[in-house]
Amino acid sequence: MAAEFSKAVELGLKLSKRIYYGKDAATVSLAPPRKAEMTADTESYLPTAVMVYAEINEPGVVDNPDVPSYQPYVHGRCDPPVLIPLHMHAVSVEVDCYLDTAFVTVSGAWRLHCVAASRSCYCRIAVPMGEQGSVLGVEVESPFKSYSTQLISLEAAGDAAKAASSKDGFLIKGQIYTLRVPQATVISVDFFNYFVPQLSSLHAHDIAFVSILQVDGGTMLSVKVSWSQKLLYQDGQFCLDVPFTFPLYVLPMVKSLVKKEKILVNLNSGTGNELLFESASHPLQISSSEIVGGLLLQSPSLDDYDQREMFCFYLYPGKWISSKVFRKEVVFLVDISASMQRSPLENVKTALVAALLKLNPVDTFNVIAFNGSSLLFSPSLVPATKEGLGKVSEWIQTKFIAEGGTNISAPLDQAINMFSKTVDVLPIIFLITDGAVEDEKDICDAMRGHLMKGGLTSPRICTFGIGSYCNHYFLQMLAQIGRGYYDAAFDIGSINSRMGRLISTASSVVLADITIDALKQLDSLEVLARRQINALTAHAWFSGSKQLEEKKTPDFKGQKIIFLRKLGIGFGSVQATAENRPPEHAEPKLYETSEMIFKAASDFLWEDGG
């Protein structure tokens with residue numbers, strides 16, 4: 001998908017060379033942005049900020065809408081379409097940071113500069129987001145219509161068949177959301193999984209036909225996109241990383257261009273401590289070497305249907321450079337089924353060896369590789385000595401062979417029984433898998449029983465999912481039961497970094513087993529919105545409760561609906577796991593067409609006017 005999108009942009013930029021902008025036009029490089037920092041040349045044209053593209057099927061429509069270029073006619077069609085980045089005339093970003101969450105809003109104006117005034121084309125929006133990004137809304141305004149988005153449930157939509165056959169709306173590399181602007185009332189998919197755009201203005205006589213908006217050449221589109229993302233906390237400081245780097249080819253071809261950019265960051269740390277803000281790289285840092293905490297109180301507004309009081313209790317660990325973390329007992333459970341072959345397993349091996357080398361000599365560890373059966377490095381935990389780490393590194397390289405099926409229950413039971421059950425250590429299990437299994441609810445029940453019996457000496461269970469075939473809600477639920485952490489890599493290239501960060505975070509505990517007695521007296525308690533949605537979804541999956549599902553179902557009676565492709569983290573696929581499909585096979589295609597047709601399009605594009 002990433003390579004396909006990048007190739008479409010590369011071809012679109014080549015096609016845009018047909019456009020004549022006049023004698024006074026400025027010269028702008030068509031080179032990709034930050035190419036040296038990309039993972040591969042095939043992905044060098046992926047967006048690094050909110051972008052709008054023209055989808056071009058007919059090369060003949062490409063022209064200056066103000067002054068026709070009278071270029072030679074290009075025969076044939078672009079199938080699949082190529083993408084020409086639109087010229088950006090203004091842009092601003094506003095970020096509101098609350099504790100460890102940032103709410104980002106990007107607003108801008110893009111002009112369809114590459115299509116003749118008498119012609120039109122589809123337009124596509126791409127929204128790259130930061131860590132754990134979640135789209136909150138998209139608004140689009142043209143001279144004649146305006147569009148907005150709204151989140152609804154599949155039950156509210158009432159047409160599962162259309163949802164199953166939807167093609168548009170998807171994530172690229174797990175963090176770039178892209179969609180066309182729809183011409184209908186509501187775009188909807190299952191609430192628990194997906195983002196859903198909605199058109200705000202539609203008349204009754206328009207309902208019978210659903211089509212995609214075509215934009216006339218020369219039209220100025222105003223786009224406003226908002227999303228939430230996490231602030232990463234490491235080494236005593238918060239880091240805000242907002243995708244906001246634009247390539248030169250989005251600049252209008254005029255010499256007297258007045259750049260209109262605005263960046264506004266609002267900070268609400270919740271603490272009275274000194275804050276340090278460095279404008280060069282925009283990091284956020286709490287200057288404190290001690291554990292600090294506080295309680296925030298908020299009453300609901302008068303028009304809020306939920307009149308319960310709100311509070312937020314927080315603890316910051318501070319920058320404890322000289323403090324000691326807990327002595328650890330760690331067991332790594334690694335999926336080596338056939339679907340993990342090549343790149344997924346190689347990335348996991350690299351991250352695993354790096355994590356093992358960071359263990360302290362007082363720590364103990366073990367590694368269990370599993371497919372249909374289990375393969376143990378040692379029958380018991382071994383000290384993290386130089387000799388032991390050398391042996392396990394060699395064992396990983398020789399024994400990690402991707403083959404067979406997937407059995408998660410057996411290695412989990414083996415790992416649970418390895419720990420010493422003493423109070424002065426931090427026992428942790430890391431489960432890494434790319435698959436889903438049929439007995440996931442039984443596994444959760446069994447682990448809950450183990451942990452209730454063991455109490456505070458029970459191991460923490462951290463889970464890491466790879467790709468879309470594993471049940472990410474099972475992994476979230478298992479991590480909740482095990483008082484651990486969950487993370488995932490939907491892009492194979494991010495396995496190493498995300499897995500390494502999960503292991504580092506879970507292994508750096510300075511406070512453990514924190515309880516708040518006052519919460520036991522509350523009749524009901526909910527957490528922050530995004531976490532609440534994920535928690536409700538995981539619990540609804542585990543318990544099969546329809547009440548939890550209905551709790552998130554708004555009323556959209558009387559509205560007509562079109563659907564986007566399912567794009568959420570999802571419940572995985574037991575069938576795909578049983579068939580050992582590689583994680584890469586779950587990635588959607590940008591357009592439903594063949595590579596042969598795509599190559600044919602690239603061959604004819606440059607015969608004339610290139």
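- As named in an unreviewed UniProt entry, the protein is von Willebrand factor A domain-containing protein DDB, taken from Sesamum radiatum.

**Concerning the environment of Ile503**
So, point 1. Along the chain, Ile503 turns up in helix H9 (residues 495-506).
So, point 2. For Ile503, a relative accessible area of 6% puts it in the buried group.
So, point 3. Setting aside its immediate chain neighbours within four residues, Ile503 contacts Phe332, Ala355 and Phe430.

**Comments concerning the packing of aromatic side chains**
In this description, an aromatic ring pair is defined by two values, namely the gap between the centres and the angle between the planes.
So, point 1. All told, the structure shown has eight aromatic pairs when counted by the stated rule.
So, point 2. Residues Tyr98 and Phe103 carry aromatic rings whose centres are separated by 6.1 Å and whose planes lie at 65° to one another, so their mutual orientation is edge-to-face.
So, point 3. Residue Tyr98 is classed as partly exposed on the basis of its relative accessible area of 43%.
So, point 4. Note on Phe103: relative accessible area 34%, which makes it partly exposed.
So, point 5. Ring pairs connect the aromatic residues Phe365, Phe377, Trp395 and Phe400, which therefore count as one cluster.

**Structural notes on helix H1 (residues 2-15)**
So, point 1. Its 14 residues place the ends of H1 20 Å apart at the C-alpha level, agreeing with the 20 Å of an ideal helix rising 1.5 Å per residue.
So, point 2. When you tally the buried positions in H1, you get ten out of 14 residues, the bulk of the element.
So, point 3. All buried positions along H1 are accounted for by Ala2, Glu4, Phe5, Ser6, Ala8, Val9, Leu11, Gly12, Leu13 and Leu15.

**Some remarks on the environment of Ser373**
So, point 1. Take Ser373: it is sitting in the loop between strand E24 (364-370) and strand E25 (374-376).
So, point 2. Judged by relative accessible area, Ser373 falls into the partly exposed class, the value being 47%.
So, point 3. Considering only alpha carbons, one finds Ser373 and Ile336, 37 residues apart in sequence, at a separation of 10.0 Å.

**Things to note about the pairing of strand E3 (residues 87-98)**
So, point 1. With eleven bridges connecting them, E3 and strand E4 (residues 101-111) associate as antiparallel partners. Paired with Val95 across the two strands is Val104, which belongs to E4.
So, point 2. In this antiparallel pair of consecutive strands, E3 and E4, the connection spans two residues, and Leu99 shows a positive phi of 55°.
So, point 3. Of the strand pairs in this sheet, E3 and strand E18 (residues 261-268) are connected by eight bridges, and their pairing is parallel.

**Concerning the packing of helix H4 (residues 343-357) against H9**
Any two packed helices are characterised by the angle at which their axes cross and by the distance between the axes.
So, point 1. Viewed as axis vectors pointing N to C, H4 and H9 meet at an angle of 35°, and their least axial separation amounts to 9 Å. H9 is crossed by H4, and the crossing has right-handed handedness. Side by side, H4 and H9 meet where Pro344, Asn347, Val348, Thr350, Ala351, Leu352 and Ala355 of the first sit next to Ile495, Asn496, Met499, Gly500 and Ile503 of the second.
So, point 2. When the residues that make up the contact of H4 with H9 are grouped by side-chain class, the tally is eight nonpolar, four polar and no charged.

**Some remarks on the pairing of strand E1 (residues 51-56)**
So, point 1. Counting buried positions over the six residues of E1 gives six, a clear majority of the element.
So, point 2. Side-chain alternation along E1 places Met51, Tyr53 and Glu55 on one buried face and Val52, Ala54 and Ile56 on a second face that is also buried.
So, point 3. The pairing of E1 with strand E2 (residues 82-85) spans four bridges and is classified as antiparallel. Bridging from a neighbouring strand, Ile56 pairs with Val82 of E2.

Calculation rules
Residues numbered from 1 in each chain as written. Predicted model: local features only at pLDDT ≥ 70, side-chain atom pairs only at ≥ 80, totals over all residues. Heavy atoms only, no water. Helix = DSSP H or I, 4+ residues; strand = E, 2+ residues; numbered from the N terminus. Buried < 20%, exposed > 50% of the residue type's maximum accessible area, 1.4 Å probe, protein only. Contact = heavy atoms within 4.5 Å. Phe/Tyr/Trp six-rings, centres within 6.5 Å; stacked < 30°, edge-to-face > 60°. Expected span 1.5 Å × (residues − 1). Pairing = 2+ DSSP bridges. Axes fitted to C-alpha atoms, helices over the stretch in contact; angles between N-to-C directions. Left-handed = near helix turned anticlockwise from the far one by under 90°. Nonpolar A, V, L, I, M, F, W, Y, C, P; charged D, E, K, R; others polar.

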